[in-house]
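One letter stands for each residue in the lines below.
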Amino acid sequence: WSKKEIERISSYFTSKTLLNNEASKENFMRWAPVFNVIHIASHALVSDENPTWSRIFFSAGSKEDSLAMLAMHTFELYNMELNAKMITLSACNTGYGKIIEGEGVMSLARGFMYAGCPSIVMSLWPANDRTTAELMELFYKNLAEGMPKDLALQQAKIVFLERADHLTAHPYFWSTFVINGDERPIIQTQNSIINQCKWWCVAIIIIIVASLLGGLMYQSKWLIKRYYG
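Predicted, not measured: the structure shown is a model, and the values here were computed from it.

Analysis parameters
Residues numbered from 1 in each chain as written. Predicted model: local features only at pLDDT ≥ 70, side-chain atom pairs only at ≥ 80, totals over all residues. Heavy atoms only, no water. pLDDT = per-residue confidence, 0-100. Helix = DSSP H or I, 4+ residues; strand = E, 2+ residues; numbered from the N terminus. Contact = heavy atoms within 4.5 Å. Buried < 20%, exposed > 50% of the residue type's maximum accessible area, 1.4 Å probe, protein only. Pairing = 2+ DSSP bridges. Polar contact = N/O pair within 3.5 Å; in protein donor to acceptor, adjacent residues only side chain to side chain. Arc of directions from axis to C-beta. Expected span 1.5 Å × (residues − 1). Axes fitted to C-alpha atoms, helices over the stretch in contact; angles between N-to-C directions.

Visitor: So what exactly am I meant to see when it comes to the confidence of the model for the chain here?
Guide: The predicted coordinates of low-pLDDT regions are not to be read in fine detail. Mean pLDDT for the chain: 85, with 78% of residues reaching 70 or above. For the chain, per-element mean pLDDT is lowest for helix α9 (residues 186-228), which scores 53, and highest for helix α7 (residues 149-163), which scores 98. Contacts of residues 190-200 to residues separated by more than four positions or lying in other chains number one contact, the stretch itself having pLDDT below 50.

As structure tokens, then:
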């Protein structure tokens, strides 16, 4: 259901979608620093013995790709610089990890936050493939309508429960995903940047106009003094 999940949520925002062989680690490292929102629907594996080896998997770009080229490890994320305002890790146990005193939970989500992302949507236990796709579609629909991230996820879970049967109503199927970090709306964050740019443009125009008027006034005084003074 990962493919359906990506196809459904991509309709709510202008996006670049990478599926099948295009969803490679190489393409992730190429495109991830460019976008404001990143959504990864994949598989993850947690290492309790060595948390920095916890990893999330990508597709093989070619038959020659090694296992190292198929997975992004936590320690690799520490060396990345991401500009995304939100990353959704739609996979199993992405917020789960070994607790280290003075550090906290050593999870995949921690690695993405260390790379510079202020808001992470992560799972606390294994995620069901089909119900996750349904939940994520509701979540992104709410985000597109301007809801704060925490409210968008809460309302998505409520609607999911209203549609669920006796089996999928169990918390295992819908409660695993939580948000860590900045909960502001995505649209509001984008609009705030646009508004800041507008104010800077207005300020620059005012400065230019003031400079021109000042120059004209100085020239007028000089002409009056030259011909009438």
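Visitor: Would you take a moment to explain the pairing of strand β8 (residues 119-123) for this structure?
Guide: Where a strand is regular, its side chains alternate between the two sheet faces. Counted residue by residue, β8 has five buried out of five residues, so it is predominantly covered. Inspection of the sheet shows strand β5 (residues 86-90) paired to β8 by two bridges, in the parallel sense. Across the sheet, I87 pairs through a bridge with I120, a residue of β8. Pairing between β8 and strand β9 (residues 177-181): five bridges, direction antiparallel. The residue of β9 that forms the bridge with S119 is G181.

Visitor: Explain the side chain of T132 to me, please; I cannot follow it from the model alone.
Guide: Relative to the assigned elements, T132 resides in helix α6 (residues 129-144). With a relative accessible area of 5%, T132 lands in the buried category. A polar contact is formed between the side chain of T132 and the backbone oxygen of N128, at a distance of 2.6 Å. Not counting residues within four places of it along the chain, the set of residues in contact with T132 comprises E5, S90, A127 and F177.

Visitor: Explain helix α1 (residues 2-9) here, please?
Guide: Given 3.6 residues per helical turn, the α-helix brings residues three or four places apart onto the same face. Within the sequence span of α1, burial applies to E5, I6 and I9. Seen end-on, α1 carries its buried residues on one side only, within an arc spanning 95°. Elements that come into contact with the buried residues of α1 comprise β1 (37-41), β5 and α6.

Visitor: Just to check I follow, could you spell out α6 for this structure?
Guide: With 16 residues, α6 should reach 22 Å at 1.5 Å per residue; the first-to-last C-alpha distance of 23 Å fits that figure. Of the positions making up α6, those classed as buried are T131, T132, A133, L135, M136, L138, F139, Y140, N142 and L143. Between a side-chain oxygen at the N-terminus of α6 and the backbone nitrogen of R130 the separation is 3.2 Å; the capping residue is N128. In the stretch just after α6, G146 is the one whose phi turns positive, near 95°.

Visitor: Whenever I open this one, the sheet that holds β9 confuses me. Can you help?
Guide: Whether parallel or antiparallel, the strands of a sheet pair through hydrogen bonds between backbone atoms. Taken in spatial order, the four strands make up an open sheet running β1-β5-β8-β9, and their pairing is mixed. A strand with exactly one partner marks an edge of an open sheet, and here the two such strands are β1 and β9. Neighbouring strand axes in the sheet, compared pairwise and without regard to direction, differ in orientation by 15° on average. Across the sheet, α1 touches β1 and β5, and the angle it forms with β1 is around 160°. Its contacts with the sheet place α6 against β1, β5, β8 and β9, and it is angled at close to 165° to β5.

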